[in-house]
Amino acid sequence: MDRIADGFDGEPGVLGATDWELANTEVFRAGITDEGERVIHKLGDPFKLYGDPWEADPFVRAEGEFPPWQP
């Protein structure tokens, strides 16, 4: 949480960054519209559709049963 709030390794955190700085980091604020929510729902869950790209890494892989990763 501290890294997200205050930044890490030279990257800004949410509390001290401009919107432009945040758009170029992993921390990104999004205001999804109702139409955007409908599109996301229509596209489906990418993990269920394509598998987990990090399945071989126990530190970042998703929890759950997914098909094998298909890039």
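Definitions and cut-offs
Residues numbered from 1 in each chain as written. Predicted model: local features only at pLDDT ≥ 70, side-chain atom pairs only at ≥ 80, totals over all residues. Heavy atoms only, no water. Helix = DSSP H or I, 4+ residues; strand = E, 2+ residues; numbered from the N terminus. Buried < 20%, exposed > 50% of the residue type's maximum accessible area, 1.4 Å probe, protein only. Contact = heavy atoms within 4.5 Å. Areas by Shrake-Rupley, 256 points an atom, 1.4 Å probe, with all protein chains shown as cover. Patch = residues over 30% accessible without salt bridge, like charges linked within 9 Å, V, L, I, M, F, W, Y side chains within 5 Å. Salt bridge = Lys/Arg side-chain N within 4 Å of Asp/Glu carboxyl O.

## What to know about the overall build of the chain
In step 1: The secondary structure content of the chain amounts to 4 helices and 0 strands.
In step 2: Along the chain, helices and strands appear, N-terminal first, in the series α-α-α-α.
In step 3: Residues classed as buried in the chain amount to 10% of the 71 residues present.
In step 4: If you take every contact in the chain between residues at least 6 apart in sequence, the share linking residues at least 24 apart comes to 0%.
In step 5: Counting every atom, the chain has about 6400 Å² of accessible surface; 57% of that belongs to carbon and sulfur.

## Details of unusual backbone geometry
In step 1: Of note, Asp9 is a non-glycine position whose phi angle comes to about 55°, a positive value.
In step 2: Here Asp9 is to be found in the loop between α1 (2-6) and α2 (19-23).
In step 3: The exposure class assigned to Asp9 is exposed, which follows from its relative accessible area of 68%.

## Quick word on a nonpolar patch on the surface
In step 1: A cluster of nonpolar side chains, Leu49, Tyr50 and Trp69, forms an exposed patch at the surface whose accessible area comes to about 310 Å².
In step 2: Mapped onto the fold, Leu49 is located in helix α4 (residues 46-50).

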